[in-house]
Amino acid sequence: MKRSALLVVFAAIAACAKPTTPPSRPLFWSIEKDGKTTYVLGTMHIGIDADDRLPGFVWSRFHAATTFAMEADLDDRAAIDALQPTPASLHAQLGDDYWKKLETLVGPGMAKAFEHMPTMVPAAALSIRGLPMTESMDKALATRAENEHKRIVFLEPASRQIALLVKWMDLKALKMMLDQTDTEQHAQATLNAYVTGDETKFLAISEGERDDALHHGYTATEYDHEMDELLYDRNASWIDEIEHLHTAGGGFIAVGALHLLGPRSVLELLRERGYRITRLSS
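Just so you know, the residues in each chain are numbered from 1, in the order the chain's sequence is written. pLDDT decides what is reported in this predicted model: residues at 70 or higher carry local features, side-chain atom pairs at 80 or more are listed and counted, and totals for whole chains, interfaces and linings draw on all residues regardless. Heavy atoms from the whole structure form the basis of all side-chain values; hydrogens and water molecules are not counted.

## Considering the sheet that holds strand 1 (residues 28–33)
At step 1: Strand order across the open sheet formed by six strands is 4-3-5-2-1-6, with mixed pairing between neighbours. In the strand order of this sheet, the two ends are held by strand 4 (151–154) and strand 6 (276–279), each with one partner. Each strand of the sheet is rotated relative to its neighbour by a mean of 20°, with strand direction disregarded.
At step 2: Two elements, strand 3 (residues 67–70) and strand 4, share four bridges in a ladder whose sense is parallel. Directly across from Ala69, in strand 4, lies its bridge partner Val153.
At step 3: Contacts were defined at the residue level, with two residues in contact if any of their heavy atoms lie within 4.5 Å. Working convention: axes come from line fits to C-alpha atoms, limited for helices to the stretch in contact. Angles between N-to-C directions cover 0 to 180 degrees. Secondary structure is summarised from DSSP: a helix means a run of H or I of at least four residues, a strand means a run of E of at least two, and numbering begins at the N terminus for each. Against the sheet, helix 9 (residues 137–147) engages strand 2 (36–43), strand 3, strand 4 and strand 5 (252–256), with an angle of about 155° to strand 3. Pairing between strands is defined by DSSP: at least two bridges between the two strands are required.

Pasting the structure below:
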C-alpha cells in the first residue's frame, strides 16, 4: 500500500477540525559555532499544518537556508514496501477480545482494512486518534525545500527508521494501546504541549508513557532499550551529518520534537561539542 493510501486510512480516524492559530512559542532553535548558524525545528508528524501554523520568523529562516535536512526520505521505496499487506491475520494474532476493542475504537470497516497490515499500521493509527489530520510537517517542509531548489539531506535511511518501527510497534505494543482508554486525550495533550511550546510538559508526557509501559508488562530494561533504539541512538547517529551540514555553511533542520528535548537530545549532544544553542521566539 502506498504512503498516500496509508494517510487516507489515518484521515478516517483523525478529527476533521484544523486549528490555524500559530504555536505561541515554536520549538525552534539556532545553533551557532565558528561564525555559522544552523536552525533546528521540532515537528509534530501529524496534527499541525505547517503552511498555516508556522510563524513568519520560522519561515524566514527556512527561506534563507540553502540546505534542508530531515530525518528520512518519506518517499523511499523501503518505507513503501514495509506497508504492504501481509498474509498473517491481525484478527487471529490479537484474538477476539482485542479485535473487538479495535473495532470499537476505529470501526469495523477500518479494522477490516487493518486485517492484513503490519501491526505498526494500526498502532500508528491509534496513536494519532483525535488529532487534526494534516499533511506531515516534515513532508510539507520537504516539498517547500524542493520547490525552492534547496539541497536536501536525510539524516538516516528510511529503511532503518521503518525497521525500528516494525520492531517496536509490535503486537504487544498494539495490545497495550488497545487496553488504554485515554489515547485521544494523550494525543491531544501532546499536541497542546507542542502548540504552547512547553518543553517540560512535552517531556513529562513522554515519561508518562514509560509508566504506562511498565504497568502493561514491559520491564524497565526492555523499555529503556526501546527508547535507546527509537530515540537516543538515532540522535547520536545524526550528529556527524549535522556538523557536516553546519560546517558547509549551515542550513535548516526539521526533526520530531522529542529528538530535541531533554538529556541525550540532539541539542544536548551539539552543546557538548561546543555549539551555542538558543531558543528563538522572533
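Next, the rest of the story.
## Here's the deal with the packing of aromatic side chains
At step 1: Note on aromatic pairs: the rings of Phe, Tyr and Trp (six-membered ring only in Trp) are paired at centre separations within 6.5 Å, and the planes decide the class, stacked below 30 degrees, edge-to-face beyond 60, tilted for the rest. Applying the stated rule across the entire model yields seven aromatic pairs.
At step 2: Between Phe28 and Tyr39, the aromatic rings sit 5.9 Å apart at their centres with planes inclined by 20°, giving stacked as the arrangement. With Phe28 in strand 1 and Tyr39 in strand 2, the pair connects residues that are eleven residues apart, well separated along the chain.
At step 3: Criterion for a charge above a ring: Arg CZ or Lys NZ at most 6 Å from the ring centre, at most 35 degrees from the ring normal. Arg144 extends its terminal NZ or CZ atom over the ring of Trp59, reaching a point 4.0 Å from the ring centre.
At step 4: Cation over ring: Lys172 sits above Tyr218, and NZ or CZ is 4.3 Å from the ring centre.

## Here we look at the confidence of the model for the protein
At step 1: Per residue, pLDDT measures the predictor's confidence, with a range of 0 to 100. In this model, the protein carries an average pLDDT of 89, and 91% of its residues clear a pLDDT of 70 or more.
At step 2: Segment residues 1–19: pLDDT under 50, and 42 contacts once partners within four positions in sequence are set aside and those in other chains are kept.

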